[in-house]
Amino acid sequence: MKNIWAPWRAEYILKDKKDSKCIFCEAARKNDPLIIDRKTLCFSIMNRFPYTSGHCMVLPYRHTGDITTLSAEENMEMTSMVQSVIEAIRQTMNPDGFNVGCNMGSASGAGIEDHIHIHIVPRWNGDVNFMPVLSDVHMISEHIDKTKDKIKKALS
């Protein structure tokens, strides 16, 4: 049997889940190093616990858990940022496709339901295997900092 090392997961596993601060609001406020782009109303950030290499999110600075409460300006800026991040990932990682979407509410699978965010998950033909299905393990082929630097460069 092979060992798969993912030491960054310990941060999530051991974190106090009762922390009252929104991790996304805190990321924006503290200028989290995983932020890849900032606009007036929204920002994009690497997913700290990704499903695949290049897994990013786009979200408004304003704390809201419901996409229907976004202003027209927030909605337009989020959509524009999603397009830009997809193009940057295409240029730097050459995926075969993308999963793009958001989950509203815990019943939909939202891990953080109080701050709406759009996931951008690059996908490659043949990237789905038994690991996530049988053992809840995701294989990440590149260190998150290296991926972030490539995407950030393509966005600038």
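Quick caveat, the model's predicted, so the values are computed rather than measured.

Quick look at unusual backbone geometry
In step 1: Look at Asn-31: it is not a glycine, yet its phi comes out positive at around 55°.
In step 2: Along the chain, Asn-31 turns up in the loop between helix H2 (23–29) and strand E1 (35–38).
In step 3: Overall, Asn-31 belongs to the exposed group, its relative accessible area being 51%.
In step 4: At Asn-94, a residue that is not glycine, the phi angle is positive and equals roughly 50°.
In step 5: Tracing the chain through its elements places Asn-94 in the loop between helix H3 (72–93) and strand E4 (97–101).
In step 6: The class of Asn-94 is exposed, set by a relative accessible area of 59%.

A look at the pattern of salt bridges
In step 1: Scanning all chains against the criterion turns up seven salt bridges.
In step 2: Note that Glu-26 and Lys-30 form a salt bridge whose closest N and O atoms lie 3.4 Å from each other.
In step 3: Between Glu-74 and Arg-62 there is a salt bridge, with its nearest N and O atoms 2.7 Å apart. Here the residue Glu-74 occupies a position in helix H3, and Arg-62 occupies one in the loop between strand E3 (56–60) and H3, the gap between them amounting to 12 residues.
In step 4: Judged by its relative accessible area of 6%, Glu-74 is buried.
In step 5: Relative accessible area serves as the criterion here: at 36%, Arg-62 is assigned to the partly exposed category.
In step 6: Look at the salt bridges and you will find they share partners, linking Glu-26, Arg-29 and Lys-30 into a network.

Focus on the packing of aromatic side chains
Aromatic rings considered in pairs are described by the distance between their centres and by the relative angle of their planes.
In step 1: Tallied over the full model, the rule gives one aromatic pair.
In step 2: Relative to Tyr-61, the ring of Phe-43 lies with its centre 5.2 Å away and its plane at 25°, an arrangement referred to as stacked. Residue Phe-43 is found in strand E2 (residues 42–46), and its partner Tyr-61 is found in the loop between E3 and H3; the two are separated by 18 residues along the sequence.
In step 3: Judged by its relative accessible area of 24%, Tyr-61 is partly exposed.

Cut-off values and rules
- Residues numbered from 1 in each chain as written.
- Predicted model: local features only at pLDDT ≥ 70, side-chain atom pairs only at ≥ 80, totals over all residues.
- Heavy atoms only, no water.
- Helix = DSSP H or I, 4+ residues; strand = E, 2+ residues; numbered from the N terminus.
- Buried < 20%, exposed > 50% of the residue type's maximum accessible area, 1.4 Å probe, protein only.
- Salt bridge = Lys/Arg side-chain N within 4 Å of Asp/Glu carboxyl O.
- Phe/Tyr/Trp six-rings, centres within 6.5 Å; stacked < 30°, edge-to-face > 60°.

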